[in-house]
Amino acid sequence: MSNASDRHMQQTDYLTWSMEKDPALRSTIVAVVLLDASPDWDRLCEMMDRGTREVPSFRHRVVEVPFGLAPPRWVADANFDLSWHMRRVSLPGPANFDDVLEFARTTAMAAFDKDRPLWEMTVVDGLAGGQAALLIKVHHALTDGIGGMQITARLVDFDRDGTPRDPAPEPPAPESPDSLDLAAEAIGWDWSQLRGLAGRGLASIWPTTRAVVTNPIGSARNAAGVAASVARYLRPILRLESPVMTERTLSRRLHVIDVPLDRLRDAAHRGGATLNSAFLTAVLVGLAEYHHRHGSDVDELRVTMPLSIRTEQDTLGGNRINLARFPLPVRSDDPLTLMQEVNRIVEGWRHEPAVPMAQTLATPPQSAPPRPSSAKCSSTSTSSPPTCRVPRWRCTSPARRWNGTTPSAPPSARRSTSP
């Protein structure tokens, strides 16, 4: 991390971190990987040691800046101990995948030790047929879903004998900044933010002036459109759409439903929709049935959806997303018609002018922990990060399935992740 801007959390990362002042808003991601056999432990530890060198944020802990002068600082952990992050357990056998999910459930509910880097990896043995599982637990401040898949590509092999890689870099130099160091760096961070804001403002003067002179009406419309889009993102949400799913607790349940990808893709094609919209429609139809069985029919439910703004130029990890919260219809006589309507609404939100403004929209007062009345008003959150379609290996053991979970923040009664 070469400068003050790099050393501090980005505003979108800080948002996921600061929300945890309310325990119901913990930003924990857990991935469950089913393996053919238990991986070679020494090789797995060697692989993760290398991975933490290639992705040094996995060797950094979070340190708060005095008086909140800047977002928290990423500090290279002077006491980094790989063996603390790597664990191995054996379930009473012969265990099955549901037993693994139960173990993952309790893992997901446990808070991180915030004096250490925010990740854990656990090998779970004792499964029937000699299989094993791998649980990967990371804090959302480290990465979003797409960033997580990019990091994973650095940590897996693509054949049993291993994947040739360049020599591992040296680990980051340990740091132990005191309060004065942190405060001084915070002033530097504030100054860099002001310079960046001023530079962007100056760079936009001529294009903006030219646009106003050559097309004043169009410029006014564009400005009004951006302002309206930002207002839609920032408006407070004060009520639940669901009369049934009203409670938010610290408890979690994990379940997996397997759906043939080809059938889901075919449904999306027939409806002229994206695969993500087909997945989301299936979730909404299920929630409509859930409400019906509880004696309460609803016409729409509010969804929280991360919209990726990641580019090829972005570094590994971190959050390059903007969270959108909007109502979607859940009832229709024709699921295909419902899918098309869902697709229309979702694509509209994807193209909102405010979407690329994630860092700006996450700054104070947005960076302060959101009020529970606003943050807890979604009925479901969904995420569809991409996955790798080629064989993946974990230290001589092939991965048979990968399942990820969405974090508790933003909290919702139902959370769905695909694939």
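Higher on the page you've got the structure.
Note that the structure is a prediction, hence the values are computed from the model and not measured.

Rules used throughout
- Residues numbered from 1 in each chain as written.
- Predicted model: local features only at pLDDT ≥ 70, side-chain atom pairs only at ≥ 80, totals over all residues.
- Heavy atoms only, no water.
- Salt bridge = Lys/Arg side-chain N within 4 Å of Asp/Glu carboxyl O.
- Helix = DSSP H or I, 4+ residues; strand = E, 2+ residues; numbered from the N terminus.
- Buried < 20%, exposed > 50% of the residue type's maximum accessible area, 1.4 Å probe, protein only.
- Axes fitted to C-alpha atoms, helices over the stretch in contact; angles between N-to-C directions.
- Parallel < 35°, antiparallel > 145°, perpendicular 65-115°, else oblique.
- Contact = heavy atoms within 4.5 Å.
- Left-handed = near helix turned anticlockwise from the far one by under 90°.
- Nonpolar A, V, L, I, M, F, W, Y, C, P; charged D, E, K, R; others polar.
- Core = buried A, V, L, I, M, F, W, Y, C linked by side-chain atoms within 4.5 Å.
- Pairing = 2+ DSSP bridges.

**Considering the pattern of salt bridges**
Scanning all chains against the criterion turns up 23 salt bridges. Note that Asp77 and Arg61 form a salt bridge whose closest N and O atoms lie 3.9 Å from each other. Taken together, the residues Asp77 in the loop between strand S3 (73–76) and helix H4 (82–85) and Arg61 in strand S2 (residues 60–63) connect sequence positions 16 residues apart. We classify Arg61 as partly exposed; its relative accessible area is 22%. The salt bridge involving Arg310 is made with Asp144; its shortest N-O contact spans 3.0 Å. Of this pair, Arg310 sits in the loop between strand S7 (300–308) and strand S8 (321–329) while Asp144 sits in the loop between strand S6 (132–139) and helix H6 (145–153), placing them 166 residues apart in sequence. We note that Arg310, like Asp144, is buried. Residues joined in a network through salt bridges with shared partners are Arg7, Arg73, Glu175 and Glu185.

**Some thoughts on the packing of helix H9 (residues 261–270) against helix H10 (residues 275–293)**
The contact between H9 and H10 brings their axes to 8 Å, and the two run at 100°. It follows from the interaxial angle that H9 and H10 lie roughly perpendicular. Note on element contacts: H10 touches H9 through Leu275, Ala278 and Phe279, opposite Leu261, Leu264, Arg265 and Ala268.

**Regarding the packing of H10 against helix H11 (residues 335–350)**
Axis separation between H10 and H11 bottoms out at 9 Å; the angle between their running directions is 120°. Considered as vectors, H10 and H11 are oriented oblique to each other. Along this stretch, H10 crosses H11, giving a crossing that reads as right-handed. Residue-level contacts link Asn276, Ser277, Ala278, Leu280, Thr281, Leu284 and Val285 of H10 to Pro335, Leu338, Met339, Val342, Asn343, Val346 and Arg350 of H11. When the residues that make up the contact of H10 with H11 are grouped by side-chain class, the tally is nine nonpolar, four polar and one charged.

**Concerning the nonpolar core**
Ranked by internal contacts, the top residues of the largest apolar core, which has 32 residues, are Met48, Met86, Trp119, Met121 and Leu134. Sort the elements by how many residues they give to this core and helix H3 (residues 41–54) lands first, with four residues. Grouped together as the second largest cluster of nonpolar side chains are 31 residues, Val298, Ala324, Met339 and Val342 included.

**A word on the pairing of S6**
Put simply, side chains in a regular strand alternate between the two faces of the sheet. In terms of residue burial, S6 counts as a mostly covered element, since eight of its eight residues are buried. With burial as the criterion, each face of S6 is covered, one bearing Ala132, Leu134, Ile136 and Val138 and the other bearing Ala133, Leu135, Lys137 and His139. Two elements, strand S1 (residues 28–35) and S6, share eight bridges in a ladder whose sense is antiparallel. Looking at the pairing, Thr28 lines up with His139 of S6. In this structure, strand S5 (residues 119–127) lies alongside S6, joined through six bridges in antiparallel fashion. Note on S6: the bridge partner recorded for Trp119 is Val138. If you look at the hairpin formed by S5 and S6, you'll find four residues sitting between the two strands, and Gly129 has a positive phi there, around 75°.

**Topic: unusual backbone geometry**
Non-glycine residue Phe67 carries a positive phi angle of around 60°. Tracing the backbone through its elements, the reader meets Phe67 in the loop between S2 and S3. On the basis of relative accessible area, Phe67 is assigned to the exposed category, the value being 81%.

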